[in-house]
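The chain contents come next:
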Amino acid sequence: MNELDALVDSARAGFAQAATPADLENTKAQFLGKSGRITELMKGMAALSVDEKKSRGAAINQAKQAIEAALTARRQALADAELEVQLKAEALDVTLPGRQRGQGGLHPVSLTLERIEAIFGSMGFEVAEGPEIESDWFNFTALNTPEDHPARSMHDTFYVEGGSDKAPNLLRTHTSPMQIRHAVQHVKRHRAAIDNGTGMPEIRVIAPGRTYRVDSDATHSPMFHQCEGLWIGENVSFKDLKYVFTDFCRTFFESEDLVLRFRPSFFPFTEPSAEIDIQFQSGPLAGRWLEVAGSGQVHPNVVRNMGLDPERYIGFAFGMGPDRLTMLRYGVNDLRLFFDGDIRFLSQFR
Ligand code: DAH
């Protein structure tokens, strides 16, 4: 083997040994660099005759081209190998189980509101909604709670801009203003029939929604829910209230094993008034009286503020706490859990 073939062989061997592109460039310099072997050979031709230069030069060039070809091939091989490693590293394992989107669900209090609406809906009650920023008139005065009435101080709340200085607007302290708002609309629609003696269709409505007071502890939250109920007609009595509310409670708690007590109480907008307590006859809460709503026969002044004659129209109202109903139904003992937004708590109701 001549000297040039040996050089080409040793270049190929050197390139083959280079494990990285950087190694390869170092090896290349030994053969093709400024003071590499090929350059040395070229310099060595200086003393040769013209003819010898021709043939020697051609032979060296051939060797150089062979080395360059080997270099290019090795560069390509290293680049391919690198790509291969990268592809392997980034490979997707399509057999892995996919990441699933978390399944959402309704908030427990929303579930309760849906239940309340469905049950009263089945008894012929409409569902009405109203504003959370309320005027003094609807929240208090129209509900027979005049400005200096002590019942107002039990409803300490958040006052907001608007209204008058003496009677600013506020975040509603209960859903009872919806009694007036809804009845006034209803009466307006049926004014002619009321006035000509035909009479209006009965008012039968519930009004669920958010309400506000300044309390905050394990059983009180500054924002809480209420659901108002109102039934007004020419012949609606306390007996109907008892029947309707008993039926509601038994359906809501899915238990016939449940008794109700109407405990005399006071509300400015009802006369007589009653607190409604329930008692389970079995289960973890058995034997305790649990307060679930306020209620009563709608006060004549309130009927008047609805635009109706209290000598002719009569009925009952109630206001219950969906948060509390939810706590009782699911055995939750701290109201604040409903408003913390902790997914570990909420996901149990999916
Ligand atoms: N609004 C009362 C409260 O928040 C609850 C209430 C009591 C509503 C008696 C009524 C009712 O409709 O008749 O304490």
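Source: prediction; values computed, not measured.

We now examine the side chain of His174. With respect to the helices, strands and loops of the structure, His174 is situated in the loop between strand S4 (168–171) and helix H7 (177–189). Among the residues examined, His174 registers a relative accessible area of 3% and is labelled buried. From its side chain, His174 meets the backbone oxygen of Asn139 in a polar contact 3.0 Å long. Looking at His174, its side chain comes within polar contact range of the side chain of Ser176, at 3.4 Å.

Bringing the pairing of strand S3 (residues 159–163) into the picture now. Where S3 lies against S4, two bridges are found, and the strand directions are antiparallel. Counterpart to Tyr159 in the pairing with S4 is Leu170.

Our next topic: the sheet that holds S4. Sheet architecture is open: three strands sit in the order S2-S4-S3, paired in antiparallel fashion. In this open sheet, the two edge strands, each paired with only one partner strand, are strand S2 (133–134) and S3. Pairing analysis gives two bridges linking S2 to S4, with the strands arranged antiparallel. Bridge pairing links Glu134 to Leu170 in S4.

Mapping Asp334 onto the fold places it in the loop between helix H11 (322–330) and helix H12 (337–340). When near neighbours in sequence (up to four residues on either side) are disregarded, Asp334 contacts Ala218 and Met327. For Asp334, the side chain forms a polar contact with the main-chain nitrogen of Arg336, separated by 2.9 Å.

With that settled, consider the site of the ligand. Near the ligand you find 15 residues, and of these His174, Ser176, Arg213, Gln226 and Glu228 are the closest. Between the ligand and Ala317, the relevant distance is 3.1 Å, taken from an oxygen atom to a main-chain nitrogen or oxygen of the residue. Relative to its unbound accessible surface of 350 Å², the ligand loses 93% to contact with the protein. Among the secondary structure elements, those contributing two or more residues to the shell around the ligand are strand S6 (223–233), strand S9 (290–298) and strand S10 (314–320).

Over its 15 residues, helix H1 (residues 3–17) extends 21 Å from the first C-alpha to the last, a length consistent with the 21 Å expected when each residue adds 1.5 Å. Every buried residue of H1 is listed here: Leu4, Leu7, Val8, Ala11, Gly14 and Phe15. Buried residues in H1, looked at end-on, bunch into an arc of 125°, giving them a common side. Residues of H1 that are exposed and angled more than 90 degrees away from the buried face: Ala16 and Gln17. At the N-terminal end of H1, a side-chain oxygen is found 2.9 Å from the backbone nitrogen of Leu4, two or three residues along, and the residue is Asn2.

The biggest cluster of nonpolar side chains holds 31 residues, and the ones touching the most others in it are Ile116, Phe120, Phe245, Phe248, Ile278 and Met320. If you tally residues by element for this core, the top one is helix H9 (residues 238–252), at six residues. In this structure, Ile194, Phe269, Val302 and Met306 belong to the second largest nonpolar core, which totals 24 residues.

Before going further, it helps to spend a moment on the sheet that holds S6. Spatially, seven strands are ordered S1-S5-S6-S10-S9-S8-S7 in an open sheet, and the strand pairing comes out mixed. Each edge of the open sheet carries a strand with a single partner, namely strand S1 (126–127) and strand S7 (258–267). For S6 and S10, the ladder comprises seven bridges, and the chain directions are antiparallel. Bridge assignment links Leu230 to a residue of S10, and that residue is Ala317. Against the sheet, helix H5 (residues 108–122) makes contact with S1, strand S5 (203–212), S6 and S10, and its axis sits at roughly 170° relative to S5, the strand it touches most.

You'll often see interface size given as the accessible area lost when the parts meet. Looking at the chain, the domain boundaries give domain 1 (3–89) and domain 2 (108–349). The gap between the C-alpha centroids of domain 1 and domain 2 is 94 Å.

A word on the packing of H1 against helix H2 (residues 21–32). For any two helices packed against each other, one specifies the inter-axial angle together with the distance between the axes. Look at H1 against H2: their axes get within 9 Å of each other, and the N-to-C directions meet at 165°. In this view, H1 runs roughly antiparallel relative to H2, as classed from their interaxial angle. Crossing hand, H1 versus H2: right-handed. Facing H1, whose interface residues are Leu7, Ser10, Ala11, Gly14 and Phe15, H2 presents Leu24, Thr27, Lys28 and Phe31. Considering only residue class, the contact of H1 with H2 consists of five nonpolar, three polar and one charged.

Turning to the packing of H2 against helix H4 (residues 50–89), a few remarks are in order. H4 packs onto H2 with a crossing angle of 175° between their chain directions and a minimal axis gap of 11 Å. Between H2 and H4, the crossing angle belongs to the class labelled roughly antiparallel. Together, Pro21, Leu24, Glu25, Lys28, Phe31 and Leu32 of H2 and Lys64, Ile67, Glu68, Leu71, Arg74, Arg75, Leu78 and Glu82 of H4 make up the contact between the two elements.

Moving on, we come to the pattern of salt bridges. Side chains that differ in charge, positive against negative, can pair when their charged atoms come close. Considering all chains together, one arrives at 16 salt bridges under this definition. Its salt-bridge partner being Asp342, residue Arg344 comes within 2.7 Å of it at the nearest N-O pair. In the salt-bridge network here, residues are joined through shared partners; they are Arg261, Arg263, Asp277 and Glu291.

What counts and how
- Residues numbered from 1 in each chain as written.
- Predicted model: local features only at pLDDT ≥ 70, side-chain atom pairs only at ≥ 80, totals over all residues.
- Heavy atoms only, no water.
- Helix = DSSP H or I, 4+ residues; strand = E, 2+ residues; numbered from the N terminus.
- Buried < 20%, exposed > 50% of the residue type's maximum accessible area, 1.4 Å probe, protein only.
- Polar contact = N/O pair within 3.5 Å; in protein donor to acceptor, adjacent residues only side chain to side chain.
- Pairing = 2+ DSSP bridges.
- Contact = heavy atoms within 4.5 Å.
- Near = heavy atom within 4 Å.
- Areas by Shrake-Rupley, 256 points an atom, 1.4 Å probe, with all protein chains shown as cover.
- Expected span 1.5 Å × (residues − 1).
- Arc of directions from axis to C-beta.
- Core = buried A, V, L, I, M, F, W, Y, C linked by side-chain atoms within 4.5 Å.
- Axes fitted to C-alpha atoms, helices over the stretch in contact; angles between N-to-C directions.
- Domains from an automatic or database assignment.
- Parallel < 35°, antiparallel > 145°, perpendicular 65-115°, else oblique.
- Left-handed = near helix turned anticlockwise from the far one by under 90°.
- Nonpolar A, V, L, I, M, F, W, Y, C, P; charged D, E, K, R; others polar.
- Salt bridge = Lys/Arg side-chain N within 4 Å of Asp/Glu carboxyl O.

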